[in-house]
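A closer look at the structure
Below, each chain spelled out in residue letters.
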Amino acid sequence: MTQLVDNPVSSIGHVASQNKIQERLAIEALFELPFNDLLFQAHTVHRQHFDANGVQLSTLLSIKTGGCPEDCGYCPQSIRHPTQVANSAILSVEAVREAAQRAKNAGASRFCMGAAWRSPKDKDLDQVIDMIIEVQRLGLETCATLGMLKPHQAEKLKAAGLDYYNHNIDSAPEFYEEIIKTRDYQDRIDTLQAVRHAGLHVCCGGIVGMGETRAMRAGLLHELASLTPQPESVPINLLVQVEGTPLHGIEELDPFEFIRTIAVARILMPHSRVRLSAGREQLSDAHQALCFFAGANSIFYGEKLLTTGNPDVLRDQELFARLGLHAENA
Ligand code: SAM
Ligand code: DTB
Ligand code: SF4
């Protein structure tokens with residue numbers, strides 16, 4: 001891990017020259033802090049680097065839904081899981097443009113297009129590029145999440161003007177194989193490297209609430225914080241349990257443990273946008289408020305994620321008003 005060395009404000013910066021095991025222990029120790037101490041530390045870091053009341057808004061759209069050949073245990077779009085998700089062909093550019101216009105009108109600053117692919121074919125990419133160009137014309141930042149990319153594909157997306165590419169590592173390496181068997185951790189790292197080398201901004205995070213231990217949550221954040229440079233955007237998803245997926249029915253994570261995860265992410269990645277991502281419908285307003293205090297400063301905004309629900313725009317606007325939060329650009 002190199003990034004912590006360059007992180008002057010990290011409270012665990014002193015361990016930067018020690019080995020990875022010691023770093024991991026230091027991260028686990030953050031998780032063990034009394035809740036108030038952890039939140040105070042995270043909020044202090046947050047204020048040093050960001051407007052503490054600003055939150056960036058990203059809207060998601062599934063541009064190609066379902067029928068994915070991968071076996072990700074959490075995902076309703078895998079062809080291997082008997083879920084209610086209806087497969088659909090890639091959307092038209094016009095349908096994407098309309099959705100992006102609605103997102104902009106509602107106040108989003110970034111529009112993220114997701115496709116249920118293992119990896120896009122070059123001809124798929126051409127269609128996505130047409131969408132990126134249209135969305136950009138509306139004055140929105142663009143993000144895409146299309147699965148694994150080869151270096152030339154990342155370069156093509158960059159040349160088309162794409163701002164961010166989302167590709168999550170999802171879990172600690174030691175837990176990964178329990179959740180996904182059809183591709184390995186290194187595949188993810190290779191795509192992230194291709195994205196970074198192409199000059200795209202990196203959006204990379206993970207999911208908690210999949211039955212992992214606290215030490216594994218520390219491991220996930222350790223890996224994310226070790227990416228060099230650190231991801232500009234870090235989505236922390238709380239598992240949305242979908243009937244038919246292998247993870248449906250698993251014991252739910254204590255919301256305070258989710259808030260701790262946000263806080264540790266903020267401390268380890270002080271310059272990154274930490275996004276309160278999937279799972280917001282399961283969190284009370286009070287828990288979300290604590291997430292913002294702990295350092296979350298981005299959300300998925302709009303009534304739908306990819307295939308599952310998200311809080312309504314009006315509800316979020318009310319929550320922002322009650323908390324004195326404002327929308328902020330990247
Ligand atoms: N197919 C592409 C891929 O896997 O990279 C892009 C879309 S995929 C749905 C994007 C991310 O959504 C996954 O990496 C995972 O982190 C998140 N995700 C999927 N299903 C989820 C669920 N049920 N709960 C929380 N997050 C989920
Ligand atoms: C991310 O980290 N979370 C988003 C986005 N990146 C693509 C997706 C969440 C999906 C939740 C399940 C669904 O709606 O299908
Ligand atoms: Fe496919 Fe992505 Fe879902 Fe995995 S997370 S099954 S790769 S759509």
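Below is a summary of the structure that appears in this document.

Calculation notes
- Residues numbered from 1 in each chain as written.
- Chains lettered and ligands numbered in written order.
- Predicted model: local features only at pLDDT ≥ 70, side-chain atom pairs only at ≥ 80, totals over all residues.
- Heavy atoms only, no water.
- Axes fitted to C-alpha atoms, helices over the stretch in contact; angles between N-to-C directions.
- Helix = DSSP H or I, 4+ residues; strand = E, 2+ residues; numbered from the N terminus.
- Parallel < 35°, antiparallel > 145°, perpendicular 65-115°, else oblique.
- Left-handed = near helix turned anticlockwise from the far one by under 90°.
- Contact = heavy atoms within 4.5 Å.
- Nonpolar A, V, L, I, M, F, W, Y, C, P; charged D, E, K, R; others polar.
- Near = heavy atom within 4 Å.
- Polar contact = N/O pair within 3.5 Å; in protein donor to acceptor, adjacent residues only side chain to side chain.
- Areas by Shrake-Rupley, 256 points an atom, 1.4 Å probe, with all protein chains shown as cover.
- Expected span 1.5 Å × (residues − 1).
- Buried < 20%, exposed > 50% of the residue type's maximum accessible area, 1.4 Å probe, protein only.
- Arc of directions from axis to C-beta.
- Core = buried A, V, L, I, M, F, W, Y, C linked by side-chain atoms within 4.5 Å.

**A look at the packing of helix H1 (residues 20-32) against helix H8 (residues 214-226)**
Helix packing geometry: the angle between the two helix axes and the distance between the axes. Axis separation between H1 and H8 bottoms out at 9 Å; the angle between their running directions is 120 degrees. Taken together, H1 and H8 sit at an angle that is classed as oblique. Where H1 crosses over H8, the handedness of that crossing is right-handed. Contacts from Lys20, Glu23, Arg24, Ile27, Glu28, Phe31 and Glu32 in H1 reach Arg214, Ala215, Met216, Arg217, Ala218, Gly219, Leu221, His222 and Glu223 in H8. Classifying every residue of the contact of H1 with H8 gives six nonpolar, two polar and eight charged.

**Points about the site of ligand 3**
Contacts to ligand 3 come from Cys68, Glu70, Cys72, Tyr74, Cys75, Ser78, Ala116 and Arg183. Tallied by class, the residues present in the shell around ligand 3 amount to five nonpolar, one polar and two charged.

**A word on the site of ligand 2**
Neighbouring residues of ligand 2: Leu60, Pro76, Thr145, Asn166, Asn168, Pro235, Asn237, Phe300, Leu305, Leu306, Thr307 and Thr308. A distance of 2.8 Å separates an oxygen atom of ligand 2 from a polar side-chain atom of asparagine 168. Between ligand 2 and the protein, one listed contact pairs an oxygen atom with a side-chain N or O atom of asparagine 237 at 2.8 Å. Contact with the protein chains hides 88% of the accessible area of ligand 2, taken as 400 Å² for the molecule alone. Among the residues making up the shell around ligand 2, the classes are represented as six nonpolar, six polar and no charged.

**A few points about H1**
Helix length check: H1 (13 residues) gives 18 Å between terminal C-alpha atoms against 18 Å at 1.5 Å per residue, within 8%. Looking only at H1, the buried set comprises Glu23, Arg24, Ala26, Ile27, Leu30 and Phe31. Axial view of H1: buried residues confined to an arc of 160 degrees, hence all on one face. Facing away from the buried side of H1 by more than 90 degrees, the exposed set consists of Ile21 and Glu32. Looking at the buried residues of H1, the elements they touch are helix H2 (35-49), helix H6 (173-179), H8 and helix H9 (255-268). Residue asparagine 19 occupies the N-cap position of H1, its side-chain oxygen lying 3.2 Å from the main-chain nitrogen of isoleucine 21.

**Observations concerning the nonpolar core**
Core analysis: the largest hydrophobic core is formed by 93 residues, its most contacted members being Tyr74, Phe111, Leu146, Leu157 and Phe258. Take this core: its biggest share by element is eight residues, from H9. Apart from residues lying up to four places away in sequence, leucine 146 is in contact with Ile63, Met113, Ala115, Trp117, Arg118, Ser119, Pro120, Leu125, Val128, Leu157 and Tyr165. Among the nonpolar cores identified, the runner-up in size contains seven residues, and Cys143, Ala278, Phe300 and Leu305 belong to it.

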